[in-house]
Amino acid sequence: MKRLFGTNGVRGITNESMNAELALKLGKAIGSYFQGNIIIATDTRTSNEMLKNAVTAGLISTGCNVFDAKIAPSPALQYYVKNSDADAGVIITASHNPPQFNGIKVIDKDGIELSRKKEKEIEKIYFNEHFHKAAWNELGKVYDIDILDFYIEGILDLVNVEKIKECNFKVVIDCGNGAACYTMPYLVSQMANVITLNAQPDGNFPGRMPEPTEENVNELMKTVKAIKADLGIAYDGDADRAIFIDENGNFVYGDKSLAIVAGYVVEKKRGKVVTPVSTSSCVEEYVRAKGGEIVYTKVGAPIVARKMVEVDAVFGGEENGGLMFPEHQYCRDGGMATAAMLELLAIKGKSLSELIAEVPSYSLIKTKVECENNKEVMEKLKDSIKGDKIDYTDGIKVYVKEGWVLIRPSGTEPIIRIYAEGKNAAEAKKIAEKYKKMVEDII
């Protein structure tokens, strides 16, 4: 059977692969599967109303009631779905992708993205067009709903707000013209002094592109340094990821912030931390030093979240700024990550740069090779790659003397991704080049 869902829902370029016809049909498939109350929200993209209305029409046609939460961060919708009697949620978002993209992501009633098993059931309905058709007097209805205050209060209840306030932090937040505009200024202002950048919702993303890379958040880095702020924070389009800037205006890579927060959590609770095999070794070293244990998974936020539930983890996350706090919810949450980092700084009494200096230093290089026959190439690689320690959790991860390399097929594109880590940039580059050539030779 054909596949519709990728690793993060269904995505594509607006009015090309991601169009109103697809959204209507997918809404009918989602409604036919869940047959209940569905909460829907969007990020700020220019196509959000078109796709939301199309999905909503499909849901209503199957008899589902739709609760419209308007524009909201993905974790805000997930938190509300988890804590309500809703049967599912739908988020219209393309997260960190450029403005011309949009997407549709489905949330299960536990607040976690759908399992692959349930995605397959919806795909079956979608492709076979076995839609439930409600009678004229049994069509669903649409209700407006406000979920943002509930989400903000849920975060504030989990951190020591008074301790944070005592520090009188000055924080610059870059909302990136995305869904963060609707929550983050209000959340952070209850704990610290806030200066905002790109806090005007705009689906054209005039301030910067939605992905909070070092290149894209240059204005934030300069501002933090210029006004002598304690911290800078940038969010992606749907605000489920948070990237931090230290007090000197330096970009903090996601593996470092993941290590710091994970270490802080296991100091208090001990237990397991779940993260994908693509995560830097610095996280495992730091967590083990603090008394914790690392559990590795395939790449993908829903996979990390469900493994956290399975092993009763105390924390989880990815190296892209997506942190997961099980006491709050099992998904990436930029708002909860923000509050947790502020509490950490307040409790430790150290600057972010001082905490970063405690994390082991590695160099991680990412590259890719175009490949139409991923499966065949990966099978041949398995036969040709040798090593004392090889991990097949997700693709092929080979531990070598100088570090490690991970080779895995993309879940959304005809490419093979290569991640190489070494103690320094030269070692990482050497590893990456060696295994990239090996992949190219097989192709």
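Residues numbered from 1 in each chain as written. Predicted model: local features only at pLDDT ≥ 70, side-chain atom pairs only at ≥ 80, totals over all residues. Heavy atoms only, no water.

Q: How should I be thinking about the packing of aromatic side chains in this particular structure?
A: How two aromatic rings sit relative to each other is given by the distance of their centres and the angle of their planes. This structure, assessed with the given rule, holds eight aromatic pairs. Relative to F150, the ring of Y80 lies with its centre 5.5 Å away and its plane at 80°, an arrangement referred to as edge-to-face. Of this pair, Y80 sits in helix α3 (residues 74-82) while F150 sits in helix α5 (residues 148-156); the two residues are 70 residues apart in sequence, bridging distant segments of the chain. On the basis of relative accessibility, which here comes to 33%, the residue F150 falls in the partly exposed class. An aromatic cluster of three or more residues is present, and its members are Y79, Y80, F150 and Y151. One residue, K397, lies across the ring of W404, its end atom 4.2 Å from the ring centre. Over the ring of Y362 we find K423; its NZ or CZ atom is 4.3 Å from the centre of that ring. (Phe/Tyr/Trp six-rings, centres within 6.5 Å; stacked < 30°, edge-to-face > 60°. Helix = DSSP H or I, 4+ residues; strand = E, 2+ residues; numbered from the N terminus. Buried < 20%, exposed > 50% of the residue type's maximum accessible area, 1.4 Å probe, protein only. Lys NZ or Arg CZ within 6 Å of the ring centre and 35° of its normal.)

Q: I keep staring at the pattern of salt bridges and nothing clicks. Help me out?
A: A side chain of one charge can pair with a side chain of the opposite charge when the charged atoms of the two come close. All chains considered together, the criterion is met by 27 salt bridges. Residue K348 pairs with E267 through a salt bridge whose shortest N-O separation is 2.7 Å. On the criterion of sequence distance, the pair formed by K348 in helix α12 (residues 334-348) and E267 in helix α9 (residues 254-269) is long-range, its members being 81 residues apart. Relative accessible area serves as the criterion here: at 32%, E267 is assigned to the partly exposed category. The closest approach of N and O atoms between K380 and E376, which form a salt bridge, is 3.6 Å. Of this pair, K380 and E376 both sit in helix α14 (residues 374-384), separated by four residues, roughly a single helical turn. A relative accessible area of 43% places E376 in the partly exposed class. (Salt bridge = Lys/Arg side-chain N within 4 Å of Asp/Glu carboxyl O.)

Q: What am I meant to see in the sheet that holds strand β17 (residues 389-391) here?
A: Pairing between the strands of a sheet is mediated by backbone hydrogen bonds and can be parallel or antiparallel. Read from one edge of the open sheet, five strands run β16-β20-β19-β18-β17, paired in antiparallel fashion. What marks the edges here is a single partner per strand, and that holds for β16 (363-370) and β17. Neighbour to neighbour, the strand axes of the sheet diverge by 15° on average, direction disregarded. Pairing between strand β18 (residues 396-400) and strand β19 (residues 403-409): five bridges, direction antiparallel. Directly across from I396, in β19, lies its bridge partner I407. (Pairing = 2+ DSSP bridges. Axes fitted to C-alpha atoms, helices over the stretch in contact; angles between N-to-C directions.)

Q: Is there a simple way to think about the sheet that holds strand β10 (residues 242-245) in this case?
A: Pairing in this open sheet of five strands is mixed, and the strands run β8-β7-β9-β10-β11 from one edge to the other. Looking at which strands have only one partner, the edges of the open sheet turn out to be β8 (193-197) and β11 (251-252). The pairing of strand β7 (residues 170-174) with β8 spans five bridges and is classified as parallel. Following the sheet pairing, K170 is matched in β8 by N193. Strands in contact with helix α8 (residues 218-226) are β7, β8, β9 (231-235), β10 and β11; relative to β9, the strand with the most contacts, it is inclined by about 165°. (Contact = heavy atoms within 4.5 Å.)

Q: What is the right way to look at a negative patch on the surface in this model?
A: On the surface, a cluster of negative charge is contributed by D146, D149, E153 and D157. By the secondary structure assignment, D146 is in the loop between β6 (142-144) and α5. You can call D146 exposed: its relative accessible area is 55%. (Patch = residues over 30% accessible without salt bridge, like charges linked within 9 Å, V, L, I, M, F, W, Y side chains within 5 Å. Areas by Shrake-Rupley, 256 points an atom, 1.4 Å probe, with all protein chains shown as cover. Lys, Arg positive; Asp, Glu negative; His and termini not counted. Charge placed at Lys NZ, Arg CZ, Asp CG, Glu CD.)

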